[in-house]
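So you can see what is in the structure, the chains are spelled out below.
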Amino acid sequence: MNGARAWPRLVLAWVALVCLLAVSAISSWFDLGPGNLGIALTVAVLKAGLVVIFFMRLRAAPGAVRLAVLLALLMLALLLGLSLTDARERAAVVSGRENAAGTSAGQELP
Amino acid sequence: MSGAASEPYENAQARQRASELGIWVFITTELMFFGPLFAGYLQLRLAFPEAFAAASRHTLFWSGTVNTLVLLTSSLAVALAGECQRRAPRRAARWFVAAAVLGVVFLVIKGYEYVEDWHEQLVPGLRFSFDAAHRHGAELFYYLYFAFTGVHALHLTVGVCLVSLVAWRLSHGAQEFEAFSEGVARYWHFVDIVWVFLYPLLYLIGRYG
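Please read all numbers here as calculations on a predicted model, not as lab measurements.

Moving on, we come to the interface of chain B and chain A. Chain B puts 51 residues into the contact, and the matching count from chain A is 48 residues. Three residues, Trp24(B), Glu83(B) and Tyr208(B), lead the burial of chain B against chain A; their summed loss comes to 15% of the area buried on that side. Elements represented by at least two residues in the side of chain B that touches chain A include exactly helix H1 (12–47), helix H3 (61–84), helix H4 (89–119) and helix H6 (178–204) of chain B. With 18 residues, the top contributor of residues to the side of chain B that touches chain A is H1(B). For the side of chain B that touches chain A, the residue count by class is 32 nonpolar, nine polar and 10 charged.

Below is the structure:
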């Protein structure tokens, strides 16, 4: 049992999480352009990583577990990535159609 | 329980490993459940960037921030409970109770936010009013906001019940309980991680302006 030694590590991970929370909260008060989005999402990924590694102990998990998590993340990336492509292409198709028809109506298509 | 007929596993360690893989696979299915909501957010945010920014400025920044702190702290409590469970089950039970209390605090703050949203007329379909230029996009943002936070609150409510059950059984001297309590702990951390992504997407992006 290394329980006694795990305490400081867990508390340190929590301190890091709170510091990251402060970074994302404070950065949202300033106009950083695309940086706002970049910082917010980077901090979220770092926080999730800290929770997964230190609190959920993924690092010590067997290979099958790590493979399951990796595959799930890959599927999620596919889902988000491909739907992003669809959003961009559809916007281009809709604006192309509008130009061809010579109309500016119906601009708010998702 | 060591009877070979009643247990499909050779020993406690094999059962522990199967349980660990099982809860992780469950968590990945939960990821697939929340994933489409995030994909929907991505699509709509690209379609209505200004409306989403304007709408997110109406969410309660301090409530969201305090709630993030509450959930991160509850995760620490659950992790500390897991660390001392074998040596000191009663102390672990207290940490689990602390996590459950923090979960309830989160839900109370979230409830306060919903009441404020109702007064501010930000509940689409029932009571919604927004400036005409961004009305449609803002309404979609708030549909997503309630879907995300509602489903998350439901998960957290289940988590509070499970964590309370673990605390109760630990304080009553339950034995061979680690597989279940570790599963519950991982589920709790996952619910925390979902909020870690909801917080910037709903409360922070577009805050400036």
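This brings us to the packing of aromatic side chains. Residue and element names in this part refer to chain B. Enumeration over the complete set of coordinates arrives at 22 aromatic pairs over all chains. For the ring pair Phe 128 and Tyr 142, a centre distance of 6.2 Å and an interplane angle of 55 degrees mean the geometry is tilted. Here Tyr 142 lies in helix H5 (residues 135–171) and Phe 128 lies in strand S2 (residues 127–128), a separation of 14 residues in the sequence. Judged by its relative accessible area of 11%, Phe 128 falls in the buried class. Residue classification places Tyr 142 among the buried residues on the basis of a relative accessible area of 0%. Aromatic pair Trp 195 and Tyr 203: ring centres 5.8 Å apart, planes at 55 degrees, arrangement tilted. Tyr 203 gets classed as buried once you look at its relative accessible area, which sits at 0%. These aromatic residues form a ring-pair network of at least three members: Phe 38, Tyr 41, Phe 52, Tyr 114, Phe 128, Phe 130, Phe 141, Tyr 142, Tyr 145, Phe 146 and Phe 148.

Scoring rules and cut-offs
- Residues numbered from 1 in each chain as written.
- Chains lettered and ligands numbered in written order.
- Predicted model: local features only at pLDDT ≥ 70, side-chain atom pairs only at ≥ 80, totals over all residues.
- Heavy atoms only, no water.
- Contact = heavy atoms within 4.5 Å.
- Buried area = accessible area lost by both parts, 1.4 Å probe.
- Helix = DSSP H or I, 4+ residues; strand = E, 2+ residues; numbered from the N terminus.
- Nonpolar A, V, L, I, M, F, W, Y, C, P; charged D, E, K, R; others polar.
- Phe/Tyr/Trp six-rings, centres within 6.5 Å; stacked < 30°, edge-to-face > 60°.
- Buried < 20%, exposed > 50% of the residue type's maximum accessible area, 1.4 Å probe, protein only.

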